[in-house]
Every structure is written in C-alpha cells, then in structure tokens.
Amino acid sequence: MDMTKISLGVIHPGSDLHLIVRLDDQVVWQTKEAQASTINLDLADDDGSHVLEIAMSGKQPHHTKIDSTGQITQDVVVTIHDVTFDDINLGHVFTEKAVYNHNFNNTTDLLEDKFYGTMGCNGTVRLEFTTPIYLWLLENM
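Residues numbered from 1 in each chain as written. Predicted model: local features only at pLDDT ≥ 70, side-chain atom pairs only at ≥ 80, totals over all residues. Heavy atoms only, no water.

## Some details on the packing of aromatic side chains
As enumerated under the stated definition, the model contains 5 aromatic pairs in all. Ring centres 5.5 Å apart and planes at 55° place the aromatic pair F85 and W136 in the tilted group. Of this pair, F85 sits in strand β8 (residues 78-85) while W136 sits in helix α2 (residues 133-140), and the two are 51 residues apart along the sequence. For the pair F85 and W136, a shared accessibility class is recorded, and that class is buried. When the centroid spacing of 6.3 Å and the interplanar angle of 70° are considered together, the rings of F129 and W136 count as edge-to-face. There is no split in this pair, since F129 and W136 are both buried. (Phe/Tyr/Trp six-rings, centres within 6.5 Å; stacked < 30°, edge-to-face > 60°. Helix = DSSP H or I, 4+ residues; strand = E, 2+ residues; numbered from the N terminus. Buried < 20%, exposed > 50% of the residue type's maximum accessible area, 1.4 Å probe, protein only.)

Put into structure tokens, the structure is as follows:
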C-alpha cells in the first residue's frame, strides 16, 4: 500500500495554550508544553477525502500585551510552517487553501478567516485535501 507522508512544523510557546493536531477526526499529536516540533504523519494514498486540523485553545487576555496606542507589543501565538506532502512544501498553497475558524477569543461570533501561518486566537485551522496526493498536488500547485 502506498503511503502519503505529511509533515508540518509547529512553534508552540506553551503558556497554557493547548494544541491538538487531528487527521480525519483522529488526534495524532497534542501538547501544552513550549516547544518547536516537526509532526510527521503517514496516510494511505488510496482514493479519498481528508481533513487536517490544527486546533488551539487556552488563550487568555493576559497572553496579549497592548500599549496605550492600542498596538500589540507582546503576544503568545502558534506558528505553523513547512507543511509538506510527500516532501513537497505546500508554501502558499497551504495558506491559500487552509481556513481559520475562530471568534477572537470569545469577543465575536465564530468567523471563517484566511490563514497566514500564525494562530493568534483560539480556533481551528482546517485543510481539506484528497488522495492520491499527487493528483491533489497537480491540481493545486
């Protein structure tokens, strides 16, 4: 059976933030500890639809420092980088296709936002893709 290799880099500052990575609703990685990690997953390359989700929770108002002019001077965020499928870096394809659902830490209704690589609010980044992965890559790169 052919397998698709999925890899993503995570810079997670800890600070009471909980980070969970799910593939097709299965938790494949989680942490509350500060760390930089590379998460490697294998997925059968059979015909199918899949969802990769990165969920952050636990962000509180004290994690963000704002100066007198309203500018953020310090913040606790999670950065997702170097997302690859079969050693091919998705780059802008990931940020173009991924959707970030959040509610500005309970200050607004749930909204669907673009994802630019940084999770600054509790929420979920979601990427839908299909296998065989080479077909998805050809259609989206």
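## Section: the pattern of salt bridges
For the structure on display, the rule yields 5 salt bridges. With a shortest N-O distance of 2.9 Å, R126 and E53 are connected by a salt bridge. Here the residue R126 occupies a position in strand β13 (residues 123-131), and E53 occupies one in strand β5 (residues 48-57), the gap between them amounting to 73 residues. Relative accessible area serves as the criterion here: at 10%, E53 is assigned to the buried category. A salt bridge links R126 to E128; the nearest nitrogen and oxygen atoms lie 3.3 Å apart. The class of R126 is partly exposed, set by a relative accessible area of 29%. Here the salt bridges share partners, and the residues they tie into one network are R22, E53, R126 and E128. (Salt bridge = Lys/Arg side-chain N within 4 Å of Asp/Glu carboxyl O.)

## Here we look at the sheet that holds strand β2 (residues 18-23)
One open sheet holds the 6 strands; their spatial order is β3-β2-β5-β13-β10-β11, and the pairing between them is antiparallel. Unpaired on one side and paired on the other, β3 (26-31) and β11 (111-114) mark the two borders of the sheet. Direction aside, the axes of adjacent strands within the sheet are offset by 20° on average. In the sheet, β2 pairs with β3 via 5 bridges, with the strands oriented antiparallel. Residue pairing in the sheet places L23 in a bridge with Q26 of β3. (Pairing = 2+ DSSP bridges. Axes fitted to C-alpha atoms, helices over the stretch in contact; angles between N-to-C directions.)

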